[in-house]
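# Architecture at a glance
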Amino acid sequence: MTITLNGDPYDTDAATVAALLERLDIDPRRVAVERNFVVVKREAYGATPVETGDQIEIVNFVGGG
Amino acid sequence: MRLAWFSPFPPVRTGVADCSAELVAAFRGRGYTIDPFPAESAHDFPWRHRQRPYDLIVYQFGNSSHHDYEWAYALRYPGLVVLHDICLHHARAAFLLREKRVADYRAEFAWSHPDVTPDAAELAIAGMDSRLFYDWPMTRALFEASRLVATHQSTPNSPTPNSQIRLGHGELVSPERRRDARAGVRARHAIAGDTVLFGLFGGLTPEKRIPQVLGAMRAVIRHTPSARLMLSGSAAAHFDVHAAIEAHQLRAHVVVTGYVPDAELTDHIAACDVSLNLRWPTAGEISGTWLRALAAGVPTIITDLSHLSGVPSLDPRTWQPNGDARCPTVDVRTSDLGPRSSVTVAIDIVDEDHSLRLAMKRLALDADLRAELGRSGQQWWQREHSLDAMVEDYERIMREAAARPDPGVQLPAHMRGDGDTVLHALLDPFGLESPL
């Protein structure tokens, strides 16, 4: 399926937000995720589905500086 | 080469933003793939870089708040840092203290400048914007954590060796365009075509030496009563330019245009006979309006600063070359730029009032000298400050930076902290956990 990931089309077979982060090799503790303009709580990553046409925004924390 | 490019971009109104826009367009035209990362989209960088690492990350830094967001990335993802200002202390102190990170500022100041008493950090903490900041650049972390640091000027006091990139800015102005600009701009501001016109451009701040210029202008009009001074730029909140003009009794000799849109700025510069590009104190920047004046063939007067020591210049006290005889007296009969021709007049800051009067008086009277300095300045710009020259240097330095390994460096703890430290600090006293 194709989703929009941070503004770009992206093909994935990840069924959940948690699976998507795993595919992307992203540490879930270091990001905030928004699905279709709604922030997804971290404990809900495993239960939140990813579906065709979803708009997913992953915001990375970069600390320090 | 695939590049990540951290910088402000237009509509942000800074010289760095304009420079980045020009460079990105130029490199894309040469086949580079570039992803720009201004503040609003920088958060996209980590996962994009993880998915497909960039060949090189380029960070453009200046001494302003527009670059605050870049620090965290530059220290965590080493790349090529380009310093548009040699000193970043004002911006760095303002950023840390605005976020109430007083302890971080103290630690970073002490680590950056171990040869200075740590008590000096209290100046900024107390809210004093000390001129001493210019002596303490607060750039050590960028030098040590980057693959390579490049500047647009020589940096005799830099923490480690760095590379130099010629700064390209401005556009070559033809004699026809200069003639048209001279007629159009002067007509708009009721300045006669044969009036000797000095110009000063950009924000109207004391750092542009406006009080000193007004003092020199008093001396000029005794010999050249028709001479005029045009001040083109936004007024500064901390400097009343109109009061300064009144104090020098120069209201009849000075035109204040207010802010001039960028598209009209070059024509305003080209309409002048002499461009005044003085600066003190300085963060080691190169004036964009000075480069535009050179490109327009307008003779210029600058402050003789260490980071401009490579610019062949004349000392108005002797009309001999400044410095170590790096160029001979200007030859008004020569039209070609020899390797040692002077391209500007440079003022010794410790003799500023006297030297500036000499320079402005001579240039007001000597049309041949103005013409020669205009010609040699324009040729200097073509060689040193065109976009092509800058792109050529960037390509060389980017190749060098891309081939270097990431440096391993121990930075003060706050510089590599977690992104959610502040969030936890806010929630912990209430026994709450992060919702993310």
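Keep in mind that what you see is a predicted model, and the values were worked out from it rather than measured.

Rules and cut-offs
Every chain is numbered on its own, with residues counted from 1 as its sequence reads. Both sets of labels track the order of writing: A upward for chains, 1 upward for ligands. With the structure being a predicted model, the display of local features is reserved for residues of pLDDT at least 70 and the display and counting of side-chain atom pairs for 80 or more, all residues being used for whole-chain, interface and lining totals. Each side-chain value is derived from all of the structure's non-hydrogen atoms; neither hydrogens nor water enter the calculation. What counts as a helix is a DSSP run of H or I of at least four residues, what counts as a strand is a run of E of at least two, and both are numbered from the N terminus. All radius of gyration figures rest on C-alpha atoms, and the globule criterion is 2.2 Å times the number of residues raised to 0.38. Think of it in three bands: with a 1.4 Å probe and only protein chains considered, a residue is buried below 20% of the maximum accessible area for its type, exposed above 50%, and partly exposed in between. Two residues qualify as a contact provided that any one of their heavy atoms is within 4.5 Å of a heavy atom in the partner residue. Here the Shrake-Rupley method, with its probe set to 1.4 Å, supplies the accessible areas, and only the displayed protein chains count as covering residues. What counts as a salt bridge is simple: a side-chain nitrogen of Lys or Arg found within 4 Å of a carboxyl oxygen of Asp or Glu. Residues adjacent in sequence count toward polar contacts only when both atoms are side-chain atoms; beyond that, a polar contact is any pair of N or O atoms within 3.5 Å, and within protein one must be able to donate a hydrogen and the other to accept it. For this scheme, ten residues count as nonpolar: Ala, Val, Leu, Ile, Met, Phe, Trp, Tyr, Cys and Pro. Four count as charged, namely Asp, Glu, Lys and Arg, and the remainder, Gly too, count as polar. Given the number of residues in a helix, its expected span is that number minus one, multiplied by 1.5 Å. The criterion for strand pairing is that DSSP finds at least two bridges linking the strands in question. Here the axes come from fitting lines to C-alpha atoms, over the contacting stretch only for helices, and the angles between their N-to-C directions go from 0 to 180 degrees. Here pLDDT means the predictor's own confidence in every residue, given as a number from 0 to 100. Planes of paired rings set the category: under 30 degrees apart is stacked, over 60 is edge-to-face and the rest tilted, where pairs are Phe, Tyr or Trp rings (Trp by its six-membered ring) whose centres lie within 6.5 Å. Nonpolar cores were defined as sets of buried Ala, Val, Leu, Ile, Met, Phe, Trp, Tyr and Cys residues, with membership established by side-chain atoms within 4.5 Å.

### Considering the overall build of chain B
- Within chain B, the secondary structure is distributed over 16 helices and 14 strands.
- The C-alpha radius of gyration computed for chain B amounts to 23 Å, which stays within 12% of the reference 22 Å derived for 436 residues, consistent with globular compactness.
- Taking the principal axes of its C-alpha atoms as reference, chain B extends roughly 75 × 50 × 40 Å.
- For chain B, with 436 residues in total, the buried portion stands at 55%.
- The long-range share in chain B, meaning contacts at least 24 apart out of those at least 6 apart in sequence, stands at 73%.
- Surface accessibility of chain B: about 18,700 Å² in total, with carbon and sulfur atoms responsible for 52%.

### A few points about the pattern of salt bridges
All names here are of chain B.
- Overall, the coordinates contain 33 salt bridges over all chains when judged by the stated rule.
- Where Glu 285 meets Arg 279, a salt bridge forms, and the shortest distance between an N and an O atom there is 2.6 Å. Side by side, Glu 285 and Arg 279 carry an identical accessibility label, which is buried.
- In this structure, the salt-bridge partner of Glu 400 is Arg 404, at a minimum N-O distance of 2.9 Å.
- When its relative accessible area of 32% is taken as the criterion, Glu 400 is described as partly exposed.
- You can call Arg 404 partly exposed: its relative accessible area is 33%.
- Here the residues in one salt-bridge network are Arg 166, Glu 392, Asp 393 and Arg 396, joined through shared partners.

### What about the interface of chain B and chain A?
- If you look at the interface, chain B gives 26 residues, while chain A gives 23 residues.
- At the junction of chain B and chain A, the tally comes to 1 salt bridge.
- Note that Arg48(B) and Asp8(A) form a salt bridge whose closest N and O atoms lie 2.9 Å from each other.
- The tally of links from chain B across to chain A stands at 9 residue pairs in polar contact (both at pLDDT 80 or more).
- Split into classes, the residues belonging to the side of chain B that touches chain A amount to 12 nonpolar, 5 polar and 9 charged.

### A few points about helix H15 (residues 387–403) of chain B
- For H15(B), which comprises 17 residues, the first-to-last C-alpha distance of 24 Å matches the rise-based estimate of 24 Å (1.5 Å per residue) to within 8%.
- The set of residues buried in H15(B) consists of Ala389(B), Met390(B), Val391(B), Asp393(B), Tyr394(B), Glu395(B), Ile397(B), Met398(B) and Ala401(B).

### Considering the side chain of His152(B)
All names here are of chain B.
- Structurally, the position occupied by His 152 is in the loop between strand S5 (148–151) and strand S6 (163–164).
- His 152 sits in the buried class, given a relative accessible area of 5%.
- Engagement of the side chain of His 152 in a polar contact is seen with the backbone oxygen of Ile 165, the distance being 2.8 Å.
- With residues up to four places along the chain from it excluded, the contact list for His 152 reads Val 82, Leu 83, His 84, Gln 164, Ile 165, Arg 166, Leu 167, Ile 286, Met 390 and Tyr 394.

### Quick notes on the sheet that holds strand S3 (residues 31–35) of chain A
All names here are of chain A.
- The strand order S2-S1-S5-S3-S4 describes an open sheet built from 5 strands, whose pairing is mixed. Here the strands that pair on one side only, and so sit at the sheet edges, are strand S2 (8–11) and strand S4 (38–40). Taken over all neighbouring pairs, the strand axes of this sheet differ in orientation by 35° on average, direction set aside.
- Looking at chain direction, strand S1 (residues 2–5) and S2 are connected through 4 bridges and run antiparallel. Its bridge partner being in S2, Leu 5 is matched across the sheet by Asp 8.

### Section: the confidence of the model for chain B
Residues and elements named next belong to chain B.
- Per-residue confidence for chain B gives a mean pLDDT of 91, with 93% of residues at or over 70.
- Below a pLDDT of 50 lies the segment residues 325–335, which in the model reaches 34 contacts outside its immediate sequence neighbourhood of four places, other chains included.
- For this predicted complex, the interface confidence score (ipTM) comes to 0.73, while the overall pTM stands at 0.82.

### Describing the side chain of Arg92(B)
- With respect to the element layout, Arg92(B) can be found in helix H4 (residues 89–98).
- Only 3.3 Å separates the side chain of Arg92(B) from the backbone oxygen of Gly65(A), close enough to count as a polar contact.
- Once residues lying within four places of it in the same chain are set aside, the contact partners of Arg92(B) are Gly65(A), Trp71(B), Glu108(B), Met138(B), His414(B) and Met415(B).

### Concerning the packing of aromatic side chains
Residues and elements named next belong to chain B.
- Per the counting criterion, the structure on display carries 17 aromatic pairs over all chains.
- Ring geometry for Phe 27 and Tyr 394: centres 6.0 Å apart, planes at 70°, overall edge-to-face. One end of the pair, Phe 27, is in helix H1 (residues 15–29); the other, Tyr 394, is in helix H15, and 367 residues separate them in sequence.
- Ring centres of Phe 45 and Tyr 77 lie 4.9 Å apart, and the angle between their planes is 80°; this geometry places the pair in the edge-to-face category.

### A short note on the confidence of the model for chain A
- Chain-level pLDDT for chain A is 92 on average; 100% of the residues reach the 70-or-more range.
- Per-element confidence in chain A ranges from a low mean pLDDT of 91 for strand S5 (residues 55–60) of chain A to a high of 96 for S1(A).

### Concerning the nonpolar core
All names here are of chain B.
- Core analysis: the largest hydrophobic core is formed by 37 residues, its most contacted members being Trp 5, Leu 23, Phe 27, Leu 80, Trp 290, Tyr 394 and Met 398.
- For this core, the secondary structure elements donating two or more residues are strand S1 (2–6), H1, strand S3 (56–61), strand S4 (80–83), S5, helix H12 (288–295), helix H14 (367–384) and H15.
- Looking at this core element by element, the count peaks at 6 residues for H15.
- Setting aside residues up to four positions removed in sequence, Leu 80 forms contacts with Leu 56, Ile 57, Val 58, Tyr 59, Leu 148, Ala 150, Ile 397, Met 398 and Ala 401.
- Ranked by size, the runner-up nonpolar core spans 36 residues in total, among them Leu 200, Ile 210, Leu 231 and Val 254.

### With respect to the sheet that holds strand S10 (residues 274–277) of chain B
All names here are of chain B.
- Spatial ordering of the open sheet is given by S9-S8-S7-S10-S11-S14-S12-S13, a layout of 8 strands whose pairing is mixed. The sheet terminates laterally at strand S9 (254–258) and strand S13 (320–321), the two strands that pair on one side only.
- Along the sheet face, helix H11 (residues 262–270) touches strand S7 (197–201), strand S8 (228–232) and S9 and points at about 150° away from the line of S7.

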